[in-house]
Structures are given as structure tokens and as C-alpha cells.
Amino acid sequence: MDNERLKRAVLATLEQALDADALARAVTEAGAVVGPTTAAPSPGAQKLLAKIVLSDLLDDAILSARPEDRTFPLRLFFAELGTLLASDDETRADLAFCLASGLNFFFRATMDPEGKVRAALETSRAFYAVAYGVPLDPELIVKSAPLLAALLTSELDKVRLEAVDHTKVFDSQIHERAAGADPTSSRIVRPETFLCRVTANNAVKAKAQVFT
């Protein structure tokens, strides 16, 4: 599935799943949390916001992680995502909403295995769009990326995702240059997607797209 077809599928699924009027009301009510008043959001708004940031799906190992826990960077990342969704900066809020929508589509929608893999890779693209478009703290990116890859992998069959943030030199066996990358440079500036391998034999199923 190419990018445009995936985008149309995501939008179609969201359109079918959401009541536009109810969503508009909930978002308006939720805005009171960051507005000049102190009014609390309605139960409906709270439920919607919890779903958007996956609070109903993530387990306590992430939601209640402490600084010494391995999953703590992922807890920080999802907290940051929630903050960005309410940002007054429309560009940041849009990037965050795109990622939140991708995560919700990936974890909630029913699709065939190949579609699931493609959705996972596009979700990783949205993750890096937030990471470098906001931008987030570099240390948080490096620590949360492999944890998010593992979280997405938990929903996949026969393949696994890997973050390639630790690699700084282009390797054509596992990398491919993203659109707009310098074709003459071997220095990786930043990744754009995760790497996907076949679990059984470690073969590369989809190379990680990177900017050089």
C-alpha cells in the first residue's frame, strides 16, 4: 500500500468511526483545560482525550513507569504527545495529531498482516516527523524510539521493527535515502522510518528510510 492509499484508508476509517459533531463538541470542551477558564472537561471529552493518547490501551508498565524503569522514556514521550496535542502552535499540534491518529489506527483498526506492517512503518514516519519537527529533546528521541519500535512489534506477526538512531553511517543493506536526502553523503542526519526485519531469518523486509 503506497502512502496516499494509506492516508485515504486512515481518513476513511476515522470518518466512519467518529461522530463529527460529538468530536467538535469534545474538542471545544477540552479546550477549556488550557484556556483562560478553569472549567473541567466533560466525561465525554476526557474519554476522547484518553483514547487519542492511548491511555486505555497502554499498560501500567508504560503509564506508571518510574525513572529507573526501562519503559520510562516511553511514558515521557506519550506525556509529551499529550501536551503537544493541546499546543497553541498549530504546526506542532498537527504533527502530534497525525502521530496520535496513526497510533490509534494501527492499534485499533483491523487489517491484513501486510497492511499492518505498512501502517507500522508509516506510524514510525509520523513519530520522526514529531521528533524532529517539534523538535523533541534528542535524548528522549534516542531512548523512546526503540521502545516504540518494540511496542509496535508486539502487534505484528513474523516481523519486528528496529530503530536505527544509533547508526550514523549510511549502509545500503539496511538503509534507503528518503526523498530530499543528499545522494552523495554517507552521513546520516536523522532517520525517517524504522527498519523492518523478518523474525525467522533476520532478513530485511523494509529498509529504514534516512536523511543523509
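The preceding data block contains the structure.
Residues numbered from 1 in each chain as written. Predicted model: local features only at pLDDT ≥ 70, side-chain atom pairs only at ≥ 80, totals over all residues. Heavy atoms only, no water.

*Asks:* Quick question: what am I supposed to make of a negative patch on the surface here?
*Replies:* Taken together, Asp 88, Asp 89, Glu 90 and Asp 94 make up a surface patch of like negative charges. Counting through the fold element by element, Asp 88 comes out in the loop between α5 (72–85) and α6 (90–108). A residue is classified by how much of its surface remains accessible, and Asp 88, at 78% relative accessible area, is exposed. (Patch = residues over 30% accessible without salt bridge, like charges linked within 9 Å, V, L, I, M, F, W, Y side chains within 5 Å. Areas by Shrake-Rupley, 256 points an atom, 1.4 Å probe, with all protein chains shown as cover. Salt bridge = Lys/Arg side-chain N within 4 Å of Asp/Glu carboxyl O. Lys, Arg positive; Asp, Glu negative; His and termini not counted. Charge placed at Lys NZ, Arg CZ, Asp CG, Glu CD. Helix = DSSP H or I, 4+ residues; strand = E, 2+ residues; numbered from the N terminus. Buried < 20%, exposed > 50% of the residue type's maximum accessible area, 1.4 Å probe, protein only.)

*Asks:* Mind showing me how you'd approach the nonpolar core here?
*Replies:* Note on soluble globular proteins: their nonpolar side chains tend to be buried together. One finds Phe 78, Leu 103, Leu 161 and Phe 194 to be the most contacted residues of the largest nonpolar core, which totals 42 residues. Broken down by secondary-structure element, the contributors of at least two residues to this core are α5, α6, α7 (113–133), α8 (138–153) and β1 (159–162). It is α7 that provides the largest number of residues to this core, a total of 9 residues. By size, the runner-up hydrophobic cluster in this structure holds 7 residues, among which are Val 164, Ile 174, Leu 195 and Ala 208. (Core = buried A, V, L, I, M, F, W, Y, C linked by side-chain atoms within 4.5 Å.)

*Asks:* Hey, could you run me through α8 in this one?
*Replies:* Three or four residues apart is the spacing at which side chains of an α-helix point the same way, because the helix has 3.6 residues per turn. With 16 residues, α8 extends 23 Å between its outermost C-alpha atoms, agreeing within 8% with the 22 Å of an ideal straight helix rising 1.5 Å per residue. At Ser 144, α8 shows its largest kink, close to 30°, and the proline Pro 146 lies no more than four residues downstream. Residues Leu 140, Ile 141, Ser 144, Ala 145, Leu 147, Leu 148, Ala 149, Leu 151, Leu 152 and Thr 153 constitute the buried set of α8. In the core, the buried residues of α8 are packed alongside α4 (60–63), α5, α6, α7 and β1. Structurally, the start of α8 carries an N-cap: the backbone nitrogen of Glu 139 is 3.2 Å from a side-chain oxygen of Asp 137. (Expected span 1.5 Å × (residues − 1). Bend = angle between axes of the 7 residues up to and from the residue. Contact = heavy atoms within 4.5 Å. Polar contact = N/O pair within 3.5 Å; in protein donor to acceptor, adjacent residues only side chain to side chain.)

Without other data, these values stay purely geometric and don't point to any function.
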